[in-house]
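# Fold and contact review
Below are the chains, spelled out letter by letter.
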Amino acid sequence: TLCMAYKHLTSKEYEEIDRRLFEARTALQQREEKLAHVFQFIEKDLILLGATAVEDRLQDRVRETIEALRMAGIKVWVLTGDKHETAVSVSLSCGHFHRTMNILELVNQKSDGECAEQLRQLARRIKEDHVIQHGLVVDGTSLSLALREHEKLFMEVCRNCSAVLCCRMAPLQKAKVIRLIKISPEKPITLAVGDGANDVSMIQEAHVGIGIMGKEGRQAARNSDYAIARFKFLSKLLFVHGHFYYIRIATLVQYFFYKNVCFITPQFLYQFYCLFSQQTLYDSVYLTLYNICFTSLPILIYSLLEQHIDPHVLQSKPTLYRDISKNRQLSIKTFLYWTILGFSHAFIFFFGSYFLIGKDISLLGNGQMFGNWTFGTLVFTVMVITVTVKMALETHFWTWINHLVTWGSIIFYFIFSLFYGGILWPFLGSQNMYFVFIQLLSSGSAWFAIILMVVTCLFLDIVKKVFDRQLHPTNTEKAQLTET
Amino acid sequence: MTWSATARGAHQPDNTAFTQQRLPAWQPLLSASIALPLFFCAGLAFIGLGLGLFYSSYGIKELEYDYTGNPGTGNCSACALADQDRAPPLRCSCAWYFSLPELFPGPVYLYYELTNFYQNNRRYSVSRDDTQLSGLPSALLHPANECAPYQRRASGLPIAPCGAIANSLFNDSFSLWHQRQPGGPYVEVPLDRTGIAWWTDCHVKFRNPPLVNGSLALAFQGTAPPPNWPRPVYELSPDPNNTGFINQDFVVWMRTAALPTFRKLYARIRQGNYSTGLPRGTYLVNITYNYPVRAFGGHKLIVFSNISWMGGKNPFLGIAYLVVGSLCILMGFVMLVVYIRYQDQNDEDEDAE
């Protein structure tokens, strides 16, 4: 901050000043005192013009971003190296602290006991007043005192505050705070955003580190997991991209387990009927190609392209982020749902085919009999169709690529099977699958059985989805409705 | 370090619809208004189909007889008595008499059924050599190792056809006799022993080795039949088009069954007077009992069945369609109730606001 003032000088006054300055500057002894004396003489009776100050402006839309983070259920802590007053005023101006918040302070603690006493007092105040929101200000030295002996108490106080501001933080202390949060009982996921070299240790310590490429250089961006150009991009990063990727990856993981449960359980069930002699139900080529060719593309394209809600809706409604908090889509409940679904589907595939054959009746119009490879291929066909249609049920965003890979996978399976079973392969020792698929397809009973089993498997799933959407729609589902 | 906002080029990602995820898309929502008509339609369709399938299976007739010969169960117990550990006496035969009160509509198919016979056991089902069975002369004299211990005889001769599946070939035979009037003579019903195996099996997959001097026996020179076979493979049938590896009984047996209780097609009854079915009267099945099943607790059955477009008699498909169809309709009604209730509630909420 500078202040500007002026004074008119006559030429006589100017010559006087010039002479005095020259004497002071060329003095051989006590030059600084003589200069100070002269400047004192000059700077009198000035007329004040004004004051200039340099504002370190907050970036564009920081307030809105922090508000959005809070609406999404994300707790925001500010860790800064600035001094107490600066930090508090910046916090207030960027929306981290509200005017209506009760600001608690843990600053300038000199000793351990004092710190503990203050912490207990703060805890009591929080307990007394539930209605109002609390904010906490801690400075670097008090923090190190608190962390030395009273970690639990300190974390207790922090947890009950909706916003925490740590000022006068050394870079390593920032990392230490993040470590502390990471190991606290709820094991939250931490994300650190920083733009300077002093934020690097914090960025590396947090689960997700984000560097802002800014005026302070590229150190933070170089050490981060993701680099963005402006703080406001954080909202799109989290609420649009983060949300999308979470849904995609969670569904990918669950679907992979599901389709492999569907794949292997009939093999396992078959062992009960073949004296546990490890006879495979499916041909070995099918065993190899199931995960690679027949069922890999639909889920791959889903996990690249799926958008369960429009990005604009996601960005404008940060509360939708709460639907995926606490790793909900990979929780035990969801995993059990998918696994039990997989088992029930596998049972339907296997026992549907088993009862279709019954006492080994003919399934062809000419009375001829099927063998074990035809039986296995029937189970396999139903399975490939069902898991692909299940993926189709899960997909919400149908681009032309989704259509291509979903229906294309099923068509490819048919074409491949016809091709594989249509030729006597010279290099294969056993010709088990020769013409098996074509014979299977020429059986009317088999076709009806395939349709029946696919519908039975997905019927319950569809009922569950429709009921969930009708009776207790999640915020996500409501948002999907609004855009249509 | 300056932040230049004007330098575009190498590091900027493409701005196409695909890379920026702006592809046009269809976004269906599985709501009740779509699911309800779908469920009702599917339910009705399934119930219709189920009725059709059930009726179709209901019209199929089946007649079976267990001739294992366990003590006290009919004529064949005499043949089976010796059976506990050894093969029964050669050419033991027994008879089964039955009478049909009305026409058994045709064409009628004759099957034999075996129980507790695990053709799907892994060690058993890999014990074959498809290259040998495709008629390759080199493989004829060098059967694959998977066939062991049915690869070579004690004399060192290679076995053709090798393997445990071939060795356990079913060798009972049946003949059917019809007595038109009571007290009259029995007339043999012609059994068509062709067309019982898959066409591609008989004509493509299984081929006899090339004839030597016009003789199939010479083609198989240097090989020996499997240990349990009474005759070599080229004498399986007097018909030269149905002997050797392409003998249809043999081909049918080599298609290993999926489950321990299985049937295999033995003959079709479709010639002469019997092409429309088996008329009423008394019948006699003369069974040549060769195959020992009592040692492993299995049963042998003979089955007459007629076939519709969907195969043999199995009400499972019809019943399953009916069940799923009714469940669909039931769920449709439940959803309708919930939907109406939810609509009312929604209207109330809107009115209240």
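Conventions we followed
Residues numbered from 1 in each chain as written. Chains lettered and ligands numbered in written order. Predicted model: local features only at pLDDT ≥ 70, side-chain atom pairs only at ≥ 80, totals over all residues. Heavy atoms only, no water. Buried < 20%, exposed > 50% of the residue type's maximum accessible area, 1.4 Å probe, protein only. Helix = DSSP H or I, 4+ residues; strand = E, 2+ residues; numbered from the N terminus. Pairing = 2+ DSSP bridges. Right-handed = clockwise from strand over helix to strand, strands pointing away. 1 Å grid on protein atoms, 1.4 Å probe; cavity = no way out; pocket = protein on both sides within 12 Å on 5 of 7 lines; lining within 4 Å. Points joined across faces, edges and corners; volume = space filled by probe spheres on them. Nonpolar A, V, L, I, M, F, W, Y, C, P; charged D, E, K, R; others polar. UniProt positions renumbered as here; feature names shortened; annotations may be inferred. Contact = heavy atoms within 4.5 Å. Polar contact = N/O pair within 3.5 Å; in protein donor to acceptor, adjacent residues only side chain to side chain. Core = buried A, V, L, I, M, F, W, Y, C linked by side-chain atoms within 4.5 Å. Domains from an automatic or database assignment.

## Concerning the pairing of strand β4 (residues 102-106) of chain A
Residues and elements named next belong to chain A. A one-sided burial pattern is seen for β4, the buried positions being Asn102, Leu104 and Leu106 and the unburied ones Ile103 and Glu105. Sheet topology places β4 next to strand β5 (residues 134-139); 5 bridges connect them, and they run parallel. Within β5, the residue paired with leucine 104 across the bridge is leucine 136. Regarding the hand of the β-α-β motif, the stretch spanning β4, helix α5 (residues 112-128) and β5 is right-handed.

## Focus on the layout of surface pockets
Taken as a whole, the second largest pocket holds about 1,900 Å³ of empty space. Lining the second largest pocket are 49 residues, and of these Tyr337(A), Leu393(A), Glu394(A), Lys465(A) and Glu477(A) sit closest to its centre. Mapped onto the lining of the second largest pocket, the elements with two or more residues apiece are α11 (233-271), α15 (332-357), α16 (372-394), α17 (400-421), α19 (444-471) and α20 (475-483) of chain A together with α1 (32-58) of chain B. Among the elements that take part in the lining of the second largest pocket, α19(A) stands out by supplying 9 residues, more than any other. Taken together, the residues that form the lining of the second largest pocket break down as 26 nonpolar, 13 polar and 10 charged.

## Remarks on the UniProt feature "binding site: Mg(2+)" (unreviewed entry) in chain A
Residues and elements named next belong to chain A. The sites that UniProt annotates as "binding site: Mg(2+)" (unreviewed entry) are Asp195 and Asp199. Sequence-distant contacts of aspartate 195, defined by excluding residues within four places in its chain, comprise Ile212, Glu216, Gly217 and Ala220. Mapped onto the elements, aspartate 199 comes out in the loop between β7 (191-194) and α9 (200-205). With relative accessibility at 7%, the residue aspartate 199 sits in the buried group. Those residues in contact with aspartate 199 that sit more than four places away from it in its chain are Lys174 and Gly194. In this structure the side chain of aspartate 199 is engaged in a polar contact, spanning 2.6 Å, whose partner is the side chain of lysine 174.

## A few points about the UniProt feature "transmembrane region" (unreviewed entry) in chain B
All names here are of chain B. Per the UniProt record, the feature "transmembrane region" (unreviewed entry) sits at residues 34-55 and 316-340. Taken end to end, residues 34-55 is 100% helix and 0% strand, and its first and last C-alpha atoms sit 32 Å apart. With 100% helix and 0% strand, residues 316-340 has its two end C-alpha atoms placed 36 Å apart.

## Notes on the nonpolar core
Residues and elements named next belong to chain A. Counting residues in each nonpolar core, the largest one holds 87 residues, and the members touching the most others are Tyr286, Phe380 and Met383. With 13 residues, α11 is the largest single contributor of residues to this core. Residue contributions to this core reach at least three from each of two domains, namely domain 2 (62-188) and domain 3 (237-483). Setting aside residues up to four positions removed in sequence, phenylalanine 380 forms contacts with Phe263, Tyr282, Tyr286, Tyr290, Phe294 and Tyr413.

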